[in-house]
Structure formats: structure tokens, C-alpha cells
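Observations on chain architecture
Residues per chain, in single letters:
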Amino acid sequence: MKLSFYGHATFSVEVKGKKILFDPFISPNPLAKHIDINSIEADYIFISHGHGDHIADAVQIAKRTNATCVAAAEVAGWLQKQGVEKTHGMNHGGFFSFDFGKVKGVNAIHSSGLPDGSYGGNPLGFVFVTDEGNFYFAGDTALTADMQLIPGWTKLNFSVMPIGSNYTMDVADAIRASDFVNCDTVVGIHYDTFPAIKIDKEEAKRNFETAGKKLLLPGIGETIDI
Ligand code: NI
Ligand code: MN
């Protein structure tokens, strides 16, 4: 599977020829100035929660690409009000089958107000089960024992987890989370964008290595095979 990182919590994967973009926040991110949002293709845009640093570019990219936006029902309804035509509302619960594979909305310990103050429901993580591999996008979350449920649903190939602390898990908790989900390959996100979430990347990688795990920190605009 190919994964492209666009800074903060924004990344995309390609599954069965479908381009799936996550939590688009590019144009307001000074670290992602070199990314042209008009160059990003998407068949689907998954949005973990309503905060601006996860949804800022969703409407613009969805309108240009005609992508289907998948999010908590309240966030999906808000996107409809902004003129996004194709949305799919989910909540914590069972798997839903899309044309690329199936996805389950799972618990994330966080909050989810929308940029204009609208109620955004509960934040979500997503578990993807596809013919080309299985992965977990944790969204913005603290460490939660609920993550231990995930290995009962699928064997993950990789996880995408926040590591920047303050608003989400820090590196130490992400290492514990990777134990909980039984997957030692983690793509770290949600760090360095703001002063409160600056981290020492080399130290973070060393800590994962010491725990017998791999922390991948692709550069902004970099595509990796995973
Ligand atoms: Ni957030
Ligand atoms: Mn965030």
C-alpha cells in the first residue's frame, strides 16, 4: 500500500485504485506551504472529527474532486450544509462496506466541535479492512483501553497514530497503543505543527525502536510503501 503524508494529520492511501484522503488540513499549515491542494486527488475523504486542523480543506477538495466525505453523522451533515454533495455519515459501530473494502468507526477520546461552533458529535477513529491490507487511523485520541478490541476484528498491517502530546497521545502512549492494537508499525502524525506539540523526532524513533517497534515519520509531501 502507498501512503502519502501532507503534514499534521493529513495523509492519503490508495486502495483498489481508490484514493482515500484523511483529515485535510493543508492550506492553513505553514509547514505544508509547498503542497498544492489542487494537486491532491481523492475518491473519498475520511474526517475523524470536526476540529479545524482536520477539516479545514475538506469542503474545497470535496467540491473539486467530487469525493465522498465520510465522517460522524453530525460532521457529514455539516459538510452537506457547506455544499458537499456526497457524504456518508457513520458512528461508532459495525463495519460498513465501501467499494474499496470495509470500515468501522471506533472510539477516540477527544472532542469534535466544528469550526463555526456547530455540534460535531463524537470524534472517531477508523479501522480499514481491505484485500490490499488492514490499517487503523486513530484520529485525535488519548490512549484508551478500547484500542484492545481492534485485534479481535482484524490483523493490522499498520496504524496511523498521533504522537504530539498535549491534545492527543504522546510517544510513550502511542507505544502502548501499538501494543493494544497488536501492530508494531506506526506512522506518527499530529506533531510539530503547533508549539504545544513539538517533539524530538529522533528520540521518538529511538523510543519505538527500544520497544521493538517501528515509527515511520514521512516528510511532508513524501510517499512511502507500507
Ligand atoms: Ni482535534
Ligand atoms: Mn487535532
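Bear in mind the structure is a predicted one, so any value in this text is a computation, not a measurement.

Cut-offs applied
- Residues numbered from 1 in each chain as written.
- Chains lettered and ligands numbered in written order.
- Predicted model: local features only at pLDDT ≥ 70, side-chain atom pairs only at ≥ 80, totals over all residues.
- Heavy atoms only, no water.
- Helix = DSSP H or I, 4+ residues; strand = E, 2+ residues; numbered from the N terminus.
- Polar contact = N/O pair within 3.5 Å; in protein donor to acceptor, adjacent residues only side chain to side chain.
- Phe/Tyr/Trp six-rings, centres within 6.5 Å; stacked < 30°, edge-to-face > 60°.
- Buried < 20%, exposed > 50% of the residue type's maximum accessible area, 1.4 Å probe, protein only.
- Lys NZ or Arg CZ within 6 Å of the ring centre and 35° of its normal.
- Donors = N, O, S within 2.8 Å, 3.2 Å for Na, K, Ca; no water.
- Contact = heavy atoms within 4.5 Å.
- Pairing = 2+ DSSP bridges.
- Axes fitted to C-alpha atoms, helices over the stretch in contact; angles between N-to-C directions.

1. So, the side chain of threonine 130
- For threonine 130, the position within the fold is in strand β9 (residues 124–130).
- Side-chain polar atoms of threonine 130 contact the backbone nitrogen of glutamate 132, separated by 3.0 Å.

2. Notes on the packing of aromatic side chains
- With the rule as written, the count across this model stands at 19 aromatic pairs.
- Where tyrosine 44 meets phenylalanine 46, the ring centres are 6.5 Å apart and the plane angle is 45°; that geometry is what we call tilted.
- A residue is classified by how much of its surface remains accessible, and tyrosine 44, at 9% relative accessible area, is buried.
- Consider the rings of phenylalanine 46 and phenylalanine 126, whose centres lie 5.1 Å apart with planes at 80°: the pair is edge-to-face. Here phenylalanine 46 is found in strand β4 (residues 44–46), whereas its partner phenylalanine 126 is found in strand β9, with 80 residues between them in sequence.
- Judged by relative accessible area, phenylalanine 46 falls into the buried class, the value being 0%.
- Here the aromatic cluster, defined as three or more aromatic residues joined through ring pairs, consists of Phe11, Phe22, Tyr44, Phe46, Phe96, Phe98, Phe100, Phe126, Phe128, Phe135, Phe137 and Phe158.
- The positively charged end of lysine 102 is found above the aromatic ring belonging to phenylalanine 95, 4.5 Å away from the centroid.
- One cation-aromatic arrangement involves lysine 104 over tryptophan 153; the distance from NZ or CZ to the ring centre is 4.1 Å.

3. Points about the coordination of the manganese ion (ligand 2)
- Coordination of the manganese ion (ligand 2) by the protein involves Asp53 (OD), His54 (NE2), Asp140 (OD) and His190 (NE2), with metal-donor separations of 2.1 to 2.2 Å.
- Mapped onto the sequence, the residues coordinating the manganese ion (ligand 2) show the spacing D-H-x85-D-x49-H.
- A separation of 3.0 Å is found between the manganese ion (ligand 2) and the nickel ion (ligand 1), which share aspartate 140 as a coordinating residue. Taken together, the residues span a long stretch of sequence, with aspartate 53 in helix α1 (residues 52–55) and histidine 190 in the loop between β12 (185–189) and α5 (201–210) at a distance of 137 residues.

4. Describing helix α4 (residues 171–180)
- For α4, every residue scored as buried is listed here: Val171, Ala174, Ile175, Ala177, Ser178 and Phe180.
- Close packing links the buried residues of α4 with β11 (158–162), β12 and α5.
- N-cap assignment for α4: the residue whose side-chain oxygen lies 3.4 Å from the backbone N of alanine 172 is aspartate 170.
- Two residues or fewer after α4 comes asparagine 182, characterised by a positive phi angle close to 60°.

5. A look at the sheet that holds strand β8 (residues 102–107)
- Taken in spatial order, the 7 strands line up as β7-β8-β9-β10-β11-β12-β13 in an open sheet, and their pairing is mixed. In this open sheet, the two strands that pair with only one neighbour each are β7 (95–97) and β13 (214–216). Mean inter-strand twist for the sheet, computed between neighbouring axes without regard to direction, equals 20°.
- Pairing analysis gives 4 bridges linking β11 to β12, with the strands arranged parallel. The partner of serine 159 across the bridge, within β12, is valine 186.

6. With respect to the environment of glycine 120
- Mapped onto the fold, glycine 120 is located in the loop between β8 and β9.
- By relative accessible area, which is 1% here, glycine 120 ends up buried.
- Between the C-alpha atoms of glycine 120 and histidine 51, which are 69 residues apart in sequence, the distance is 8.6 Å.

7. Structural notes on the sheet that holds strand β5 (residues 68–72)
- Here 7 strands make up an open sheet; going across it, the order is β6-β5-β4-β3-β2-β1-β14 and the pairing mixed. Edge strands, defined here as strands with exactly one partner in the open sheet, are β6 (87–90) and β14 (223–225). Here the strands of the sheet are splayed against their neighbours by 20° on average, with no regard to which way each runs.
- Pairing geometry for strand β2 (residues 11–15) and strand β3 (residues 18–22), over 5 bridges, is antiparallel. Along β3, the bridge assignment pairs valine 13 with isoleucine 20.
- Along the sheet, helix α3 (residues 73–81) makes contact with β5 and β6, crossing β5 at roughly 140°.

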